[in-house]
Amino acid sequence: QEQPSFPLVLATGQEFVRSTLFSGIAPREALRRIREAVRLTAPAAPLLLDFLKELDVPLDEAHRRVTRAAVEETTSRLPNLPQEELRNLVRLTAPYLAMPALRSVPLAAMAHLTEGVPSGVLAAITQALTRKEGRKSVTIDELPDRVRRQAWEVTPILLLEQVLPPTASYAAEDHAAELGRVQASLCGGDAGWERGKLRRTSKALGQLVDTVGASTTLYESIMGMVRRAYAGVRVQNDTKPVLSAPAAEGALALTFWPALRTQLLMKLHETGRGATEGDRRKRLAWALDACVKVGTVGDRYIIELGEGLREALEPQKRKAPASAAPASKRARGGAGGPSGAGAGVPLASSAGTDDLPTVVDGAVRAASAAGSSSIERRLLAIADAGIVLADAPVAALLGRTLLGRVRECIEGDILPTKDASVRLLLLCLALSVSARKCAKEYAKVSITGELAKDAKAAFAFDEECLRDMLGLVGELEVEAMLRDEDDLTATAAAADATDVDVARLSDLVNRNRCARRIALLLLIERLRSKDGGGAAPLIRALEGSMAKPRNREEEGHVLAALASCIVARANAAAAAPPTDEDPAPIPALLDRRRALSGICSLTDADASRHTEVSSTIAEALRVHTSAAQRGLERATSMLHKAKARRKEAEDAAVPDEGEVVEEGEVSGEAEVQEAVEAEKDASARVDAWRTYCDSLVAR
């Protein structure tokens, strides 16, 4: 039967009934008009309804059964309808979404559409979904997958509501566990692990992948939300929804967003979805994921890393070779999925290690231009590439590998600044520590149109500054190599005599975020290897820079690793107090107690960690002080005994009255001299222990 020009349902039907009843006509006539307007128009309908009435079937039950039969008949025909007729049916039945008895018809029609619902219907659906007051005509879960994604694409607030729960779950469970592994690796634990296993078992990532599907628009929208959340800045007049994860606070917060961005990219790639095709950071993420798995950035991946970095920063998307295609068996590790150490990495570059300088120069030029002469685009390109590199396992791996390469250069009599691998790793580390600053500046300029004065300095790759930093790191490494094993527990006071320019080092870590990160990672290595002499100048240089809350916030996860290392070293120091007769050198860890405690005072969310660091060092200091007090008591007792022996020797050396000393007989002068020397030694030991105790108490 023909559809009326407008269905008398919901507000339209209510308005028709109200206007008819209050139109001034007789009530009977008004009711007749209402019945006439809503009656079944089939010729036999009145007779059949009267017949059912005689059979004691109520009128409302008869209408319900007719409605159910009509719905079943309509939905059974949907698979055979042409797309155009389906689109018309969706337009006509859209008002019935608010009616539970008829809702299945428009929903079923939408499910059979291949290109989504008409724009007018989509606008009505999203308006109903975002209504804050009153009963919603339809919920997002009732819509077919394709229509849901349409609604999420055009209504960011709906997308935000969808991704918030799995985002919070990933922060509290999956990422928190992985961050613990990162901190353990920085403190000497396993350097590499397979992140693919975490992706496969993560329910939160699975939910996000189901949300994105194959939609490039949704993928880019979520990545934009991640970038704004990572920037952590709210700009006036910014109406875009802000993604947040309640469980991600303190050190966890700044590492969470890069991890989510990278892991979601890799998860979508591994599931074969096409949503990531336009992401120019994909090749870079592939290479880094494989490097994390093997625990180092070896020669096998260094070229791929450089090519991926250049591709991520260049203005146009470079067409990847066929062997690097996302869906290729080579990139996926064969038909059965990833396998081997390099699974998932498109080792498509034909360049060899001899071509590395050219690759690095290209990456540096791309970072300098960052895709465009426009500062806004440059900030965006660096932020997006830097977020991938700021992923905690990746950033930790880059830092460890950089320090290892510098050490190799020194051992091979090569200037670190002349080594292409060192330059590339330095560039990657600079991008990772610059990502958040660039994301902040991009958020500001994209909303307000105004560029901050220091926006151009957001990228921390100051080659001259970093060359100086590498020079100082080289000097520290040389001193460490020349230091005797007996000097590994040297006091910080003794280390103050280092040839390294500590004032220059302090200036560099104050001025440059990348230099500060390198110094922190090197400090962790020095403390881990019990090299107090090497740790002391780094502690002195970092003390002023890390007094700034902003710097401590940016280095949250590294400081958490440093705190773990300090706790471990303090426990070891407490287990090995001085036991010899002479006082041992005070470990640099205890000598620089206040400086280390200040450096490790993290954000408020990590106050408990700061307390643990302070209390553990204090306990180690208490143990050493108690041992020193016992040493002082032993030395004092020995002094008393030495004095008594000296008195006895002196008394024995004096002849009794009338006693004749024969020629050649020992007079006792030698015994007296020996006792005097023993007393002097005992007195010196007492003074040494007293000074040692006073030094410990002062600390």
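Residues numbered from 1 in each chain as written. Predicted model: local features only at pLDDT ≥ 70, side-chain atom pairs only at ≥ 80, totals over all residues. Heavy atoms only, no water.

> Can you walk me through empty space enclosed by the protein in this structure?
One way to see where empty space is left: roll a probe the size of a water molecule over the atoms. Under the definition given, this model contains three cavities of 30 Å³ or more. Volume-wise, the largest cavity comes out at about 170 Å³. Surrounding the largest cavity, Tyr230, Leu254, Thr255, Ala390, Ser432, Val433, Arg436, Arg513, Arg517, Glu554, Glu555 and His557 form its lining. Listing elements by their share of the lining of the largest cavity, those giving two or more residues are α13 (251-270), α20 (420-448) and α24 (513-528). The element contributing the most residues to the lining of the largest cavity is α20, with three residues. Of the residues assigned to the lining of the largest cavity, the class counts are four nonpolar, three polar and five charged. (1 Å grid on protein atoms, 1.4 Å probe; cavity = no way out; pocket = protein on both sides within 12 Å on 5 of 7 lines; lining within 4 Å. Points joined across faces, edges and corners; volume = space filled by probe spheres on them. Helix = DSSP H or I, 4+ residues; strand = E, 2+ residues; numbered from the N terminus. Nonpolar A, V, L, I, M, F, W, Y, C, P; charged D, E, K, R; others polar.)

> What is the right way to read the side chain of Arg281 from this model?
Counting through the fold element by element, Arg281 comes out in the loop between α13 and α14 (282-294). Residues within four places of Arg281 in sequence aside, it is in contact with Arg261, Leu265, Ala312, Asp384, Ala385 and Val388. (Contact = heavy atoms within 4.5 Å.)

> Even after reading the chapter, I still don't get the packing of helix α7 (residues 119-129) against helix α8 (residues 145-154), so can you show me in this structure?
Between two packed helices, both the angle of their axes relative to each other and the distance between the axes serve to describe the pair. Their axes nearest at 10 Å, the elements α7 and α8 cross at an angle of 75 degrees. On the basis of their axis angle, the class for α7 and α8 is roughly perpendicular. Within the contact between the two elements, α7 uses Leu122, Ile125, Thr126 and Leu129 and α8 uses Val147, Gln150, Ala151 and Val154. Residues belonging to the contact of α7 with α8 are distributed by class as follows: six nonpolar, two polar and no charged. (Axes fitted to C-alpha atoms, helices over the stretch in contact; angles between N-to-C directions. Parallel < 35°, antiparallel > 145°, perpendicular 65-115°, else oblique.)

> Where do I start with the nonpolar core in this structure?
Within soluble globular proteins, side chains that are nonpolar generally end up buried alongside one another. Counting residues in hydrophobic clusters, the biggest one holds 172 residues, and the most contacted among them are Met110 and Leu309. Looking at which element gives the most residues to this core, the answer is α20, with 15 residues. In this structure, Val9, Val71, Tyr96 and Leu102 belong to the second largest nonpolar core, which totals five residues. (Core = buried A, V, L, I, M, F, W, Y, C linked by side-chain atoms within 4.5 Å. Buried < 20%, exposed > 50% of the residue type's maximum accessible area, 1.4 Å probe, protein only.)

> Would you mind going over α24 with me for this structure?
An α-helical segment advances 3.6 residues per turn. Residues three or four places apart therefore align on the same side. Taking 1.5 Å as the rise per residue, α24 with 16 residues should run 22 Å; its terminal C-alpha atoms sit 23 Å apart, in good agreement. Among the 16 residues that make up α24, 15 are buried, leaving the element largely enclosed by the rest of the structure. Residue Asn512 occupies the N-cap position of α24, its side-chain oxygen lying 2.9 Å from the main-chain nitrogen of Cys514. Once α24 ends, the next one or two residues include Lys530, with phi positive near 60 degrees. (Expected span 1.5 Å × (residues − 1). Polar contact = N/O pair within 3.5 Å; in protein donor to acceptor, adjacent residues only side chain to side chain.)

> Looking at this structure, how should I read the packing of aromatic side chains?
For any pair of aromatic rings, the description consists of the separation of the ring centres together with the inter-plane angle of the planes. A complete count under the given rule lists three aromatic pairs for this structure. For the ring pair Tyr170 and Phe256, a centre distance of 5.9 Å and an interplane angle of 45 degrees mean the geometry is tilted. Linking Tyr170 in helix α9 (residues 156-186) with Phe256 in helix α13, this pair joins segments that are 86 residues apart in sequence. The class for Phe256 is buried, based on a relative accessible area of 0%. An angle of 80 degrees between the planes, with centres 5.8 Å apart, marks the rings of Trp689 and Tyr692 as edge-to-face. Within this pair, Trp689 and its partner Tyr692 are both found in helix α31 (residues 669-698), separated by three residues, close to a single helical turn. By relative accessible area, Trp689 is classed as buried at 0%. With relative accessibility at 7%, the residue Tyr692 sits in the buried group. Ring pairs connect the aromatic residues Tyr170, Phe256 and Trp257, which therefore count as one cluster. (Phe/Tyr/Trp six-rings, centres within 6.5 Å; stacked < 30°, edge-to-face > 60°.)

> Mind showing me how you'd approach the pattern of salt bridges here?
Applying the stated rule across the entire model yields 34 salt bridges. Note that Arg18 is salt-bridged to Glu15, the shortest N-O span being 3.0 Å. Placement of the pair is Arg18 and Glu15 together in helix α1 (residues 10-21), with a separation of three residues, close to one helical turn. The exposure class of Arg18 is partly exposed, given its relative accessible area of 45%. The class for Glu15 is partly exposed, based on a relative accessible area of 41%. Two residues, Arg33 and Glu29, come together in a salt bridge whose shortest N-O distance is 3.2 Å. (Salt bridge = Lys/Arg side-chain N within 4 Å of Asp/Glu carboxyl O.)

> Can you help me understand the side chain of Arg526 in this one?
Looking at the element boundaries, Arg526 is found in helix α24. Taking the relative accessible area as the measure of exposure, Arg526 reaches 6% and is therefore buried. Discounting residues that sit within four places of it in the chain, Arg526 has contacts with Leu476, Glu477, Ala480, Asp531, Gly534, Ala535 and Leu538.

> Even after reading the chapter, I still don't get helix α18 (residues 375-389), so can you show me in this structure?
Over its 15 residues, α18 extends 21 Å from the first C-alpha to the last, a length consistent with the 21 Å expected when each residue adds 1.5 Å. With eleven of 15 residues buried, α18 is to be regarded as a mostly interior element. Buried within α18 we find Arg378, Leu379, Ala381, Ile382, Ala383, Asp384, Ala385, Gly386, Ile387, Val388 and Leu389.

> I tried to follow unusual backbone geometry on my own but got confused; where do I start?
Negative phi characterises most residues that are not glycine, and trans characterises most peptide bonds. The backbone of Asp56 sits at a positive phi, close to 65 degrees, despite the residue not being glycine. Relative to the assigned elements, Asp56 resides in the loop between α3 (45-54) and α4 (59-77). Positive phi values are uncommon outside glycine, yet Asp413 reaches one of about 55 degrees. Structurally, Asp413 can be placed in the loop between α19 (392-411) and α20.

> How should the packing of α20 against α24 be read in this particular structure?
At their nearest, the axes of α20 and α24 sit 9 Å apart, and the two run at 115 degrees to each other. With respect to α24, the element α20 is oriented roughly perpendicular. The two elements α20 and α24 cross, and the hand of that crossing is right-handed. Every residue of α24 that contacts α20 at Leu426, Leu429, Ala430, Val433, Ser434 and Lys437 is listed here: Arg513, Cys514, Arg517 and Ile518. When the residues that make up the contact of α20 with α24 are grouped by side-chain class, the tally is six nonpolar, one polar and three charged. (Left-handed = near helix turned anticlockwise from the far one by under 90°.)

> Where do I start with the environment of Asp289 in this structure?
Of note, Asp289 is situated in helix α14. Look past the residues within four positions of Asp289 in its chain and what remains in contact with it is Arg195, Arg199, Gln263 and Met266.

> Explanation requested: the state of the cysteines in the structure shown.
What makes a disulfide is a covalent bond joining the sulfur atoms belonging to two cysteines. One pass over the full model with this rule turns up zero disulfides. Lacking any disulfide linkage, Cys428 is separated from the closest cysteine sulfur, that of Cys291, by 9.4 Å. In this structure Cys428 comes out as buried when scored by relative accessible area, which is 0%. A disulfide-free cysteine, Cys465 has its sulfur positioned 8.5 Å from the sulfur of Cys514, the nearest such atom. With a relative accessible area of 3%, Cys465 lands in the buried category. (Disulfide = S-S within 2.5 Å.)

Everything listed here is a matter of geometry and, on its own, says nothing about what the molecule does.
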